[in-house]
Amino acid sequence: MAFIQFGSTCVAQWSIRPHFAVRGAYHPSSRLQSSTHQQNSMRRSQINCLGASRSSIFSNGSLPFLSMHGMSRNMQPRRGSRFTVRADADYYSVLGVSKNATKSEIKSAYRKLARNYHPDVNKEPGAEEKFKEISNAYEVLSDDEKKSLYDRFGEAGVKGAGGMGGMGDFSNPFDLFESLFEGMGGMGGGGGMGRGSRSRAVDGQDEYYSLILNFKEAVFGMEKEIEITRLESCGTCEGSGAKPGTKPTKCTTCGGQGQVVSSARTPLGVFQQVMTCSSCNGTGEISTPCGTCSGDGRVRKTKRISLKVPAGVDSGSRLRVRGEGNAGKKGGSAGDLFVVIEVIPDPVLKREDTNILYTCKISYIDAILGTTLKVPTVDGTVDLKVPAGTQPGTTLVMAKKGVPVLNKSNMRGDQLVRVQVEIPKRLSKEEKKLIEELADMSKNKTANSSSSSSR
């Protein structure tokens, strides 16, 4: 308990921590007010207590330190001054019930308000905060011990203040909602709340398969039959995981929530940790497991699937086959099958996006005189004309001999042929003599060109 000085008056501040708003000021006066009528009138005019009537600490005579006897003798208020005590939230008003409401009435009021303000239904701003406020009010008023503390000390009595032992650590409002509406589809039979039982349907995981193709198969596409292993729904228990003839029961450890909460008291307060229930493994149900699937509801089987590979795929491409992945649990939808492509490189043709690269070698004679080459392509061998005077490193384009554009098979890239000119390291005597003659002719031609230009 702490005392706060207001002029010559001390106000005791308890763990309830009421908020005081003081407006105006009090000034000393030499006059003495001896009349009891004047004292009561002064008390009513100077103090406006807005605290809830339920709180016993604001009842008549319970706050003697707020008595105005001493104040009336030593102080005279300035006209218009005001002393206000602001109260905490009224949980009875939040739920719209009286202080004498029964547990059944409190529960009924909570259900009605929770349906209206649940954030999965009400998308208006502030709906979630209102939902939490409603849940906190119900958690306090539905518990006899918390309700008793609240009626005596107000909201501070359930917030762990003044040695109350951490009673103000409210539960998750959505867990509270689920426990109350369990068995009613989460919304009075309406379903679809998105926060329902932990045993709801679980979608199956995706399955992955690596498919190896050669260079031409990747370029032109193909149809191929593959064999995959995946989890399928158990035919014995029809996917329930329970032994035929038996029915799952609610887990008594977690109350069907699939989670348990452990609390630890520390000097800083009560810390809570949410963990998966070890008794039901988070499903919220206990059942006699099926002998075929050992309670999983799924068994691993092999299946052959016909797969159409489109033209233009490359290493790293992924094909998606919907619904051919692992089966879901408890009626959940199956996952997808992803086929990851891996292409074996061609030893001659190289791929660069939708273009194909090829390098050819020609002699210096062919480079000078020109020639026709047999060039390999994905469509087969094709004749390529090398024009006379082709320089080393020249790239020749073979239009539309490349890779089809993925999902646009009527569009294709090009094949690019890079020409390398080979220079012989050794020459015969005859070849050397001819080259020297050719060199002399080239020099004479150059000299004649220079003399003609100088004239």
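Our subject is the structure listed above.
Residues numbered from 1 in each chain as written. Predicted model: local features only at pLDDT ≥ 70, side-chain atom pairs only at ≥ 80, totals over all residues. Heavy atoms only, no water.

J.: Which residues make up helix H6 (residues 144-153), and what values go with them?
T.: What sets the pattern is the α-helix's 3.6 residues per turn: residues three or four places apart point alike. Those residues of H6 not exposed but buried are Lys146, Lys147, Leu149 and Tyr150. Along H6, the residues classed as buried sweep out an arc of 165° about the axis, all on the same side. Among the exposed residues of H6, those oriented more than 90 degrees off its buried face are Asp144 and Glu145. Where H6 is buried, its residues touch helix H3 (91-95) and helix H5 (127-141). (Buried < 20%, exposed > 50% of the residue type's maximum accessible area, 1.4 Å probe, protein only. Helix = DSSP H or I, 4+ residues; strand = E, 2+ residues; numbered from the N terminus. Arc of directions from axis to C-beta. Contact = heavy atoms within 4.5 Å.)

J.: For the sheet that holds strand S18 (residues 355-363), give the residues involved together with the corresponding values.
T.: Taking strand neighbours across the sheet as the criterion, the four strands line up as S17-S18-S24-S21 in an open arrangement whose pairing is mixed. The open sheet terminates on both sides in strands that have one partner only, identified here as strand S17 (350-352) and strand S21 (395-398). Across the sheet, the axes of successive neighbouring strands diverge by a mean angle of 35°, strand direction being ignored. Note: S21 against strand S24 (residues 415-422), four bridges, orientation antiparallel. Paired with Thr395 across the strands is Arg418, a residue of S24. (Pairing = 2+ DSSP bridges. Axes fitted to C-alpha atoms, helices over the stretch in contact; angles between N-to-C directions.)

J.: Please give an account of the packing of H5 against H6 that cites residues and values.
T.: Here H5 crosses H6 at 100°, and the two axes come no closer than 6 Å. Here H6 runs roughly perpendicular to H5, going by the angle between their axes. Residue-level contacts link Glu139, Val140 and Leu141 of H5 to Lys146, Lys147 and Tyr150 of H6. Taken together, the residues that form the contact of H5 with H6 break down as three nonpolar, no polar and three charged. (Parallel < 35°, antiparallel > 145°, perpendicular 65-115°, else oblique. Nonpolar A, V, L, I, M, F, W, Y, C, P; charged D, E, K, R; others polar.)

J.: Lay out the side chain of Glu207 with the relevant residues and their values.
T.: Along the polypeptide, Glu207 turns up in strand S8 (residues 207-213). Although Glu207 is buried, it makes no salt bridge; Arg300 carries the closest opposite charge, 4.7 Å away. A polar contact of 3.0 Å, which involves the side chain of Glu207, links it to the side chain of Asn326. Setting aside anything within four residues of it in sequence, one finds Glu207 in contact with Thr229, Gly325, Asn326, Asp336, Leu337 and Phe338. (Lys, Arg positive; Asp, Glu negative; His and termini not counted. Salt bridge = Lys/Arg side-chain N within 4 Å of Asp/Glu carboxyl O. Polar contact = N/O pair within 3.5 Å; in protein donor to acceptor, adjacent residues only side chain to side chain.)

J.: Outline the packing of helix H4 (residues 103-117) against H5, supporting the account with residue identities and numerical values.
T.: The geometry of H4 relative to H5 is characterised by a closest axis approach of 9 Å and an angle of 165° between their N-to-C directions. As far as their axial angle goes, H5 and H4 are roughly antiparallel. Judged by the sense of rotation from one axis to the other, the crossing of H4 with H5 is left-handed. For the pair H4 and H5, the contacting residues are Ile106, Lys107, Tyr110, Leu113, Ala114 and Tyr117 in the first and Ala127, Lys130, Phe131, Ile134, Ser135, Tyr138 and Leu141 in the second. Grouping the amino acids of the contact of H4 with H5 by side-chain chemistry returns ten nonpolar, one polar and two charged. (Left-handed = near helix turned anticlockwise from the far one by under 90°.)

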